[in-house]
Amino acid sequence: MRPFLFMKAAFELCSLIVLTTAGVLGQEMLVPPYSLHSLTAMDGSIQTSLVFKSLPGVVYQFEDSEDLIHWSPVGDPFYSLGHEHACSLLETAPPPPPETPGGDPPTPATATPPVYTALVLCPASDGGAVVKWRSLDSQALLSQHTEISLDPAWAMVPLYFREFDGHSFFILHQMAEVPAPDDQVELTGADALMWSTFLAALPAMNSEVASSYQLSLAAPPPAPPLPGVSRFLRVRADGSVDTDGDGTPDWMEFAYEPDPAHPDGPVGDPFNQDTDSDGVPDGLNLDFDKDGAPDVEDAVASDPSIYWQRSSAPKFAVFPLPAPGEHRILHAGNDGAVLYEHGVWTEGEFQALNLSGTGVEWAEARAMNSKGQILGIGRVAPPPELPQGMPRMMWWPTRDSDPLPIEKAIGSGSTIFPNYTEALAANHIHHETILDDEGGFFAGLILRTDDGVNSATEEHQGNHYWLLPGQGGELRPVELKEGESTLGALGSWWTDYSSDRVTTRWTGTHGDEEFNGHIREVIPLPDGGFAAIRDYISPAVLVCPPGSGAWKNSQALSHFDDVSSQGWAMSTVGDFWANGISYRWPESAPGIPDSWRWVSPQSMTTGGALLVTRPSESDSAQEDHALGIPIEVEDQEFATGVDAVSVTSSEPGEACEDRLWIMAPAGGTNTFHLRTTAAPHSQLKLASPGGFTFGSGPETTIASAITTPTASAPEEAESQDFLVTIKSGNAASLSKPLGVKVMKKRTVKVAVWRVAYDDGTPGGAPPTEVTDAEIKERLDDVFEPQINVTFEMVPKNLPGPVNFELPVGWGEGSFDTTAHYFGLEAHEVRDACPRDPDVHINVYLIGACRMIYAHILDSGTGTLSKDHAAAVAIANHEFDGAQNPNGLECWVMGDSMHYSKGDILDTIAHEIGHCLVGPGHPDETRVSIITGEPIAKGPAPLPGTNRVQRLMCSGSLRKKDGSSKLLVKGEWDAADERLGGILSQ
C-alpha cells in the first residue's frame, strides 16, 4: 500500500472536509504537506484547489471517488522533482466568456493539458549542460548533452517551472558538475519532440532565471474539476521508484546529491547505479537512515529504528477454531496450540482440560507455554477452620494432568504459595509475559503459618518470580523488588500508578529507561534488539536497537499494535506488515475463502502466530475464531529452487499469486528449509495433491520450528503448478500459502565459438582459457537447481581467425556493433561458423567489441565507442526465422586483457538466461539495440526487492563474484514456456 492523503469537496454549505491518513510504508514523509488555495484554472475559472509540495523522486497520482471504495485516476501519474502541484476541488467563479463582436458566444474549446516533463538539469564539466529524465515513452533513463551554457543565476534556482509549446517543464537544477554522457541514444517519439522543444526554450529559460530567481516557486495552473456533486480526492504517493535499479529509491538518492561543500560525504544519484564509480551499486554503499544496514538490505531504509535486514513476508496457514461457548479463548501459543479457559486446541482437535482433581474443587486455565505447561487459577478443598475452599494458583504439568495447587511446605507448619488473583492476565496481553518457556511467572509470595489449633496467619512476602517444579524439580520462588515484573533473561519492568500519570521503568540488558504509560509487553527483535509496546499511547511501539541503549519511536510501526520476533507487525484494523510493506489479510493468507476474507486480528505471538475473528455466520451476537500459523521457506543454499522473494515486493506479480514457491524437479529432489510455529506435541503436515511427493510419500510432518523437507517429481513429469495443503492433525488450512512448481527435466545443447580477428592482435583474441567444461559447470550450477535444466556442450572449433572487418571506417581490429543494426560484421562471423541443426544456442565468444550508435551511423558525424564491452545478447525474440537460421544466439565480447574468467562465465550465464527467460532486466527499462523499441523489465521486475542478487539484473548492477544468479517464480514460468518452444524446434 502507498501513502496518500484524502480530501472531500462538498457543495453542501460550501464546506471542505479534509481527511489524512499516514503512510503504511514507514515513509510518512511521502505524504506531502498541503494547503488550499484559490487559483485560476487553465480555462480561466477560479478554483479552490488542493496544492501540495512534492518530494523529488516520488511518483504522485491524483485519484477521485464518489464512495471511498472505487477510485479513478485524475490525469496521468507524474514523477516529481520538488515542485508544487495543484488539483481543482470547487469552482468559485466560472470561466470568462470569450470576447466576440456579437451574437451568442461560441462554446469554449476544451483545454488540452500540456505534456508533463520532469527534467534534472546539471552543468556539464566540459561546458554546456547535461539533462536527465525518464523517457516519456518507456520510462527508461535518458541523458543528453547540450552545448548551451546555463546562466550563473541557475545557482539560485533549485526548482523551476514553465510551459513552452505544449510541454510543462518541471526542472530540478543540481549545482554539481557532471561529465557529458558518452552513450547518448537517438531520441524518437515523444522524447525527440520534447528535447527539440526544450532546446528551443532553454535560451528563454536562461533569460527568465537571470531576471527573477523567485520563479522557483511557480506552479502550473490546475485543470478544471471533473463534473459531480460531491467527490473525494486523494493523492497517492509511490516512493518505490528506483530508476537506476541500484536498490535505493529515487527519493532517497535525491537527498544524497553531491554536495560541493562536503566532497567526501556519501553521494547518490537516482539516474546512476554507481555514483562513486567504485564498482558497488549505490544501494549497497548508502545507508539513508544510518542504522548500519545498507539500503538494499534494510527492512525499511528510511527508518533508523528498523535496523534489521529484510525477512520473509508473513504468509499464514489458517485453521478455524471450535466455538468457545461459555468459556473464553485466551491466547495462541508459539507452538501452534490455542488455549481456552477449559481446554486446548492443537493438531486440529480440542482437548478438554481436567478442571478438578484431588484436593481441588475447580480450576480454569490462564496461560500456557510451548512446553505444554499450563498456569491457571482455582480453589482447593477447605481446611477444618474454614467453611469453603481457598483460592490458589494452579498448574497442569501436561494437558492430560489433573490441576495441582502451586504451594510448597517449608517446615514448622508453614507453607508458601503465589498470591492468587482473578485478574492474572490483566496488563499482560501476551502469555509469554505470564508463563514463559522456563516455567516462570510473576506473583506475590504468601507465607501461611498454622498454629496447630485450627487457626493460621498469612503474610505477604513481596513480589517474586516463580519457577514451576518441572520434571523432578521443586517449586522455586526468586524474590524481586516491590512492584517489579519480569521477562526472564531479557530484563524486567514495573509500572508506577501512584502519581498523576502512569509510568513504566525498564531494567535490563539495555540499561534503565522510564516510559510514559503502561508497558504491556517487551519483545526480542532480530539480531538482539527489543520492542516495547505501550497501551493507549501513540506511537505504541518503541524500539531499542542492539547495543544502542536508547529506545526510539518507530515511525514505520507507529500505527501497529503488536510486533513479532521476526520483525513483523499487526494492527487490529487488519493490516500485516513486513519490510516496510503493509499487507491485507487476503494477501497474507492467499487462497482464503471469501467468507474469511474480512477478519479482525486480535493478537500476534512473539513467534508470529495470529488469532483472528469474524462475525459468526450462525449467530450475529457471537464471533468465529481462527488461528493463523506463519509459514516461511528458504533454499538450503542460495538460488536452489525457492522463491521467497516475490512476496516481499510491493508488486509480486501474477505468477507469484502472493504465495511462497518451491521448485520440484522431475527426476530429482529439491531440499529446502521451512520455518513455522510447530512443536513435537503440535505438529503440522504438508500434503501434496498429487504430481509430486514430499520425501518418499504424499505427506511430510513438520515437528519442529525449523525443518528440512524435500520435494520430488517423477522423471517423466510435465511442468505444472500445485498448491500444497497444510494440515494440523486432520484439519486442513483454509488458506494455501505454499505452492510447488514441478519443472520438466530438460537438456539444452550449447555450442561455443571462439572467434579471433585475422590479424592476430591481442585485442582481437578471445579468452580461450574459458573451457567448455567450465562453461557447462557454471550453467548447470545456475539453472539446474532452479529450473531443472542441464546443458550439453557441443564442441566447435574454427580453423583459424575470422576476417570480420568491413571497410566502413570504424574500429579496425574490433568487432563492431550498432545500437539498431546489430550484425554489421556479425554475418561474417556466422558465415565462418558451420550451421549445426542439433545445437539450441550458439555462443560467439569474441575478443573485443566496439558499440557504434545508430545516430552516429546515420549522420556520419564521428565515432562514439565503447571499447571492450562486456556482452551483447541476441536471442530468438530479436533474431529468428529467415533473419537468423542459427536460432538462439549469444554474442559475448571480451578478452583476457580486460576481463577475468569469472566475468566471462557470469556473462555467458546471464545472456543464456535471456535466451531462456526472455528480454529485459528487472532493474532497468531500456531500449532494444535491435528494434529501438522499449523493452519491459522482464517477467518479474519485483520493485522494492534486492535485485542485485538476480541473475537477470543489468550488468552494471550484477555482483562480480558470481552470486547474482537468483531466478524467481515469474522467470521459472517464462523459462518453462520458452523451453517448450526451443526444444521442439
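The structure under discussion appears in the preceding block.
Quick caveat: nothing in here was measured; it's all calculated off a predicted structure.

K.L.:
Help me understand helix α8 (residues 901-917) in this model?
P.N.:
In an α-helix, one turn spans 3.6 residues, which is why side chains three or four residues apart end up on the same side. The end-to-end C-alpha distance of α8 is 24 Å, a good match for the 24 Å that 17 residues give at a rise of 1.5 Å each. For α8, the buried fraction is high: 14 of the 17 residues fall into the buried class. Residue G918 follows α8 closely and has a positive phi angle near 120°.

K.L.:
I tried to follow the sheet that holds strand β48 (residues 699-702) on my own but got confused; where do I start?
P.N.:
Strands in a sheet are paired, the pairing made by backbone hydrogen bonds, and the direction either parallel or antiparallel. Across the sheet, four strands lie side by side as β48-β46-β52-β53; this open sheet has antiparallel pairing. One side of each edge strand has no neighbouring strand; the edge strands of this open sheet are β48 and β53 (731-732). Pairing geometry for strand β46 (residues 684-687) and β48, over four bridges, is antiparallel. Each residue of the ladder has a partner; that of K685, found in β48, is T701.

K.L.:
Got a minute to help me understand the packing of helix α5 (residues 772-787) against α8 in this structure?
P.N.:
When two helices pack together, you describe them by how their axes are tilted relative to each other and by the distance separating the axes. The N-to-C vectors of α5 and α8 enclose an angle of 45°; their axes lie 10 Å apart at closest approach. Between α5 and α8, the angle falls in the class oblique. Classified by chirality, the crossing of α8 by α5 is right-handed. Between α5, through E774, I775, R778, L779, F783 and I787, and α8, the contact on the second element is made entirely by K901, G902, L905, D906, I908, A909, I912, G913 and L916. Its residues assigned to classes, the contact of α5 with α8 comprises nine nonpolar, two polar and four charged.

K.L.:
I keep staring at the sheet that holds strand β44 (residues 660-665) and nothing clicks. Help me out?
P.N.:
A sheet is described by the order of its strands in space; here four strands give the open sequence β43-β44-β54-β51, paired in mixed fashion. Two strands lie at the open edges of the sheet, namely β43 (642-643) and β51 (720-723), each paired on one side alone. Pairing geometry for β43 and β44, over two bridges, is antiparallel. In the strand pairing of β44, D643 is matched with W661. Packing against the sheet, helix α9 (residues 969-984) makes contact with β43, β44, β51 and β54 (738-743), and its axis sits at approximately 25° to β54.

K.L.:
I'm lost on the pairing of strand β34 (residues 541-544) in this one. Help?
P.N.:
Remember that side chains alternate between the two faces of the sheet whenever the strand is regular. Every second residue of β34 is oriented toward a common face, with V541 and V543 on one face and L542 and C544 on the other, all of them buried. Pairing geometry for strand β33 (residues 530-534) and β34, over four bridges, is antiparallel. Note on β34: the bridge partner recorded for A531 is V543. Taking the residues that link successive antiparallel strands as the turn, the β33-β34 hairpin has six residues, and the phi of Y536 there is positive, at about 65°.

K.L.:
Is there a simple way to explain α9 in this structure?
P.N.:
For α9, built from 16 residues, the straight-helix expectation of 22 Å at 1.5 Å per residue is met to within 8% by its first-to-last C-alpha distance of 23 Å. What α9 keeps buried is the set K969, G970, E971, W972, A974, A975, D976, R978, L979 and I982.

K.L.:
Looking at this model, I keep getting lost on the packing of aromatic side chains. Mind explaining?
P.N.:
For any pair of aromatic rings, the description consists of the separation of the ring centres together with the inter-plane angle of the planes. For the coordinates displayed, the defined rule picks out 23 aromatic pairs. A centroid spacing of 5.5 Å and a plane angle of 45° characterise the contact between F576 and W585, whose relative ring orientation is tilted. A residue is classified by how much of its surface remains accessible, and F576, at 0% relative accessible area, is buried. Relative accessible area serves as the criterion here: at 2%, W585 is assigned to the buried category. A ring pair is formed by F692 and F694, whose centres lie 5.2 Å apart and whose planes are at 85°; its orientation type is edge-to-face. Overall, F692 belongs to the buried group, its relative accessible area being 3%. A relative accessible area of 3% places F694 in the buried class. Counting every residue linked through ring pairs, the aromatic cluster contains Y60, F62, F78, Y116, F161 and F170. One residue, R392, lies across the ring of F417, its end atom 3.5 Å from the ring centre.

The rules behind the values
Residues numbered from 1 in each chain as written. Predicted model: local features only at pLDDT ≥ 70, side-chain atom pairs only at ≥ 80, totals over all residues. Heavy atoms only, no water. Helix = DSSP H or I, 4+ residues; strand = E, 2+ residues; numbered from the N terminus. Expected span 1.5 Å × (residues − 1). Buried < 20%, exposed > 50% of the residue type's maximum accessible area, 1.4 Å probe, protein only. Pairing = 2+ DSSP bridges. Axes fitted to C-alpha atoms, helices over the stretch in contact; angles between N-to-C directions. Parallel < 35°, antiparallel > 145°, perpendicular 65-115°, else oblique. Left-handed = near helix turned anticlockwise from the far one by under 90°. Contact = heavy atoms within 4.5 Å. Nonpolar A, V, L, I, M, F, W, Y, C, P; charged D, E, K, R; others polar. Phe/Tyr/Trp six-rings, centres within 6.5 Å; stacked < 30°, edge-to-face > 60°. Lys NZ or Arg CZ within 6 Å of the ring centre and 35° of its normal.

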